[in-house]
Amino acid sequence: MDWKVQFFKLNYGEEELQAVVDTIESGWITMGQRTIDFEAAFSAYLGEGYRGVAVSSGTAALHIGVIACDIHPGDEVIVPALTFVADLNVVRAVGGIPVLADIKSLTDWSMDPKDIEAKITKNTKAVLIVHYAGYACDMEAISEITGKHNLKLIEDCAHAPGADYKGKKLGTSGEISAWSFFTNKNISVGEGGMVATSDPELYERCRYLRSHGMTVATLDRIKGRAETYDVVEPGFNYRIDEMRAALGIVQLKKLEEANKRREEITRRYFANLQDMDGVILPFKDFERGLPNYHIMPILLREEIDRGKVIQNMKEAGIQTSIHYPAIQSFKAYRELVKPTPKAQYVSEHELTLPLYPTMTDNEVDLVCTTLQHALISTS
Ligand SMILES: Cc1ncc(COP(=O)(O)O)c(C=O)c1O
């Protein structure tokens, strides 16, 4: 399908092309110096004391994160009700029990600290939060709860590169943060991720878990710096490769500027949509820090048929998405999770509009006028 406005477009140029060509020409494409450099740059971005372990996806980062935080079979982990299903899948993968916490309100879709606290039982071991769309959760309140109840805090920062909570970088409040560099993320490498921490022991454990629990890196083995190795704990092959690490280095350099353009686009959307009948704008008056405007979610009023709006927009050449279907609607979780009414409501009425740094003002305006026509013709 030829879209007039795609949901997402890569913010790639000559630098990304050159980075991949240079990597291939170097003759070394599995984890090596570029990965080390990407990790160093990302650690510097997070700040003093933080270290990142680059991995093959955000899900791999989350999986390593829950293992490193010692989540065992039967442990409960409080997770967002409005999130990508990976947050629950990784808890299930280690035998844990995901317990959903609802969002705050229909205009602030962050996890509700009050509901987090209400869901704590004697079996709760950790709270896994997501900074939805790059808007910070209420970190003061959440950190106070995890501190008071002695719970681990894992931050799903898939949406968070470049964003902060009142000046403090997202991903620096808990034990572990997990980042995704999937195609449409603010740092985009195709498939990739990072797990980061300021705790030296957790860092070591994450490094082992990334590569089969082995005590030496591939580079050391191949370059002859290590003849043999030990396996300290069963791990995985969650390694990133050098092409993606090279892309990550370039994308991280472009992050601040790209996020500024995302902000301009979001503000234009807000201005265009604020008086549009049938549309509610979440996070419009957000005050908990600097967002990174990862996606452009809107809420359609209850009486509007979202399916028809999506279809109408598709026919007019505008690609949209949904973030996210209700966890309760998935077969694997239907029986397992309890109702979270506000998140379920958002799941049924949310629509995500196109947003990417190279989007033009005209494209934003076209999406908005198309949405207006779609709303009129479906009401
Ligand atoms: C909120 C959230 N968590 C986790 C993930 C998983 O990341 P990945 O697709 O890199 O495995 C994603 C990405 O799609 C996400 O949006």
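Here the structure is a predicted model, which is why all the values come from computation and not from measurement.

What counts, and where the lines are drawn
- Residues numbered from 1 in each chain as written.
- Predicted model: local features only at pLDDT ≥ 70, side-chain atom pairs only at ≥ 80, totals over all residues.
- Buried ≥ 20, exposed ≤ 12 C-beta atoms within 10 Å, placed from the backbone.
- Helix = DSSP H or I, 4+ residues; strand = E, 2+ residues; numbered from the N terminus.
- Pairing = 2+ DSSP bridges.
- Axes fitted to C-alpha atoms, helices over the stretch in contact; angles between N-to-C directions.
- Contact = placed C-beta atoms within 7 Å.
- Near = placed C-beta within 6 Å.
- Nonpolar A, V, L, I, M, F, W, Y, C, P; charged D, E, K, R; others polar.
- Arc of directions from axis to C-beta.
- Domains from an automatic or database assignment.
- Left-handed = near helix turned anticlockwise from the far one by under 90°.

J.: Explanation requested: the pairing of strand S11 (residues 296-300) in the structure shown.
T.: The two faces of a sheet get side chains in turn, since along a regular strand they alternate between them. In terms of burial, S11 is a largely internal element, five of the five residues being buried. Taking every second residue as pointing to the same face, both faces of S11 are buried, with Met296, Ile298 and Leu300 on one and Pro297 and Leu299 on the other. Sheet topology places strand S10 (residues 279-280) next to S11; two bridges connect them, and they run antiparallel. Across the sheet, the residue bridging to Val279 is Leu300, located in S11. In this structure, S11 lies alongside strand S12 (residues 350-353), joined through four bridges in antiparallel fashion. Counterpart to Ile298 in the pairing with S12 is Leu351.

J.: Explanation requested: the sheet that holds strand S8 (residues 176-180) in the structure shown.
T.: Think of a sheet as strands paired side by side through backbone hydrogen bonds, with each pair either parallel or antiparallel. Reading across the sheet, the seven strands line up as S1-S9-S8-S5-S4-S2-S3 and stay open at both edges, with mixed pairing between neighbours. Each edge of the open sheet is held by one strand with a lone partner, namely strand S1 (51-55) and strand S3 (97-101). Recorded for the sheet is a direction-independent mean angle of 20° between the axes of neighbouring strands. One ladder, built from five bridges, connects S1 with strand S9 (residues 193-197); its direction is antiparallel. Paired with Val53 across the two strands is Val195, which belongs to S9. On top of the sheet, helix H4 (residues 86-93) reaches strand S2 (76-80), S3, strand S4 (124-130) and strand S5 (152-156); it is set at about 170° to S2, its chief contact.

J.: It is not clear to me how the site of the ligand should be interpreted in this structure. Could you clarify?
T.: Taken together, 14 residues are adjacent to the ligand, and Ser57, Gly58, Thr59, Ala158 and Ser180 come closest. Within the residue set of the shell around the ligand, elements represented by two or more residues are helix H3 (58-68) and H4. Along the lines of polarity and charge, the residues of the shell around the ligand split into five nonpolar, seven polar and two charged.

J.: Can you walk me through helix H11 (residues 341-349) in this structure?
T.: Since there are 3.6 residues in each turn of an α-helix, residues three or four apart along the chain are aligned in direction. Among the residues of H11, Ala343, Gln344 and Val346 are the ones counted as buried. The buried residues of H11 occupy an angular sector of 160° when projected down its axis, which confines them to one face. The elements touched by buried residues of H11 are S11 and S12.

J.: How should I be thinking about helix H7 (residues 200-210) in this particular structure?
T.: Among the residues of H7, those classed as buried are Leu202, Arg205, Cys206, Tyr208, Leu209 and Arg210. Against S1, H3, S8 and S9 lie the buried residues of H7. One or two steps after H7, the chain reaches His212, where phi turns positive at roughly 65°.

J.: How do you make sense of the domain arrangement of the chain when you look at a structure like this?
T.: As a measure of interface size, the accessible area lost when the parts come together is often cited. For the chain, the assigned domains are domain 1 (14-251) and domain 2 (255-378). Here domain 1 and domain 2 have C-alpha centroids that lie 26 Å from each other. Taken together, the contacts link 32 residues of domain 1 with 31 residues of domain 2. The class makeup of the residues in the side of domain 1 that touches domain 2 is 18 nonpolar, nine polar and five charged.

J.: Got a minute to help me understand the pairing of S4 in this structure?
T.: Burial runs high along S4: seven of the seven residues are buried. Across three bridges, S2 lies against S4 in parallel orientation. Bridge pairing links Val77 to Ala126 in S4.

J.: Please clarify how the environment of Lys104 should be interpreted in this entry.
T.: Locating Lys104 in the fold gives a position in the loop between S3 and helix H5 (113-118). Through-space distance from the C-alpha of Lys104 to that of Val216 is 45 Å; in sequence the pair is 112 residues apart. Residue contacts for Lys104: discarding those within four places in its chain leaves Ser110 and Asp112.

J.: What should I look at first to understand the packing of helix H1 (residues 14-26) against helix H9 (residues 242-273) in this one?
T.: Helix-helix packing is characterised by the crossing angle of the two axes and by the distance between the axes. Their axes nearest at 9 Å, the elements H1 and H9 cross at an angle of 150°. H1 and H9 meet at a crossing whose hand is right-handed. In this structure, H1 uses Glu15, Glu16, Ala19, Val20, Asp22 and Thr23 to contact H9, whose residues at the interface are Glu242, Met243, Ala246, Leu247, Ile249 and Val250.

J.: Looking at this structure, I do not really get the environment of Phe283. What am I missing?
T.: By secondary structure assignment, the location of Phe283 is in the loop between S10 and S11. A count of 21 C-beta atoms within 10 Å places Phe283 in the buried class. The spatial distance from the C-alpha of Phe283 to the C-alpha of Lys314 is 26 Å, given a sequence separation of 31 residues. Sequence-distant contacts of Phe283, defined by excluding residues within four places in its chain, comprise Asp108, Ala133 and Tyr135.

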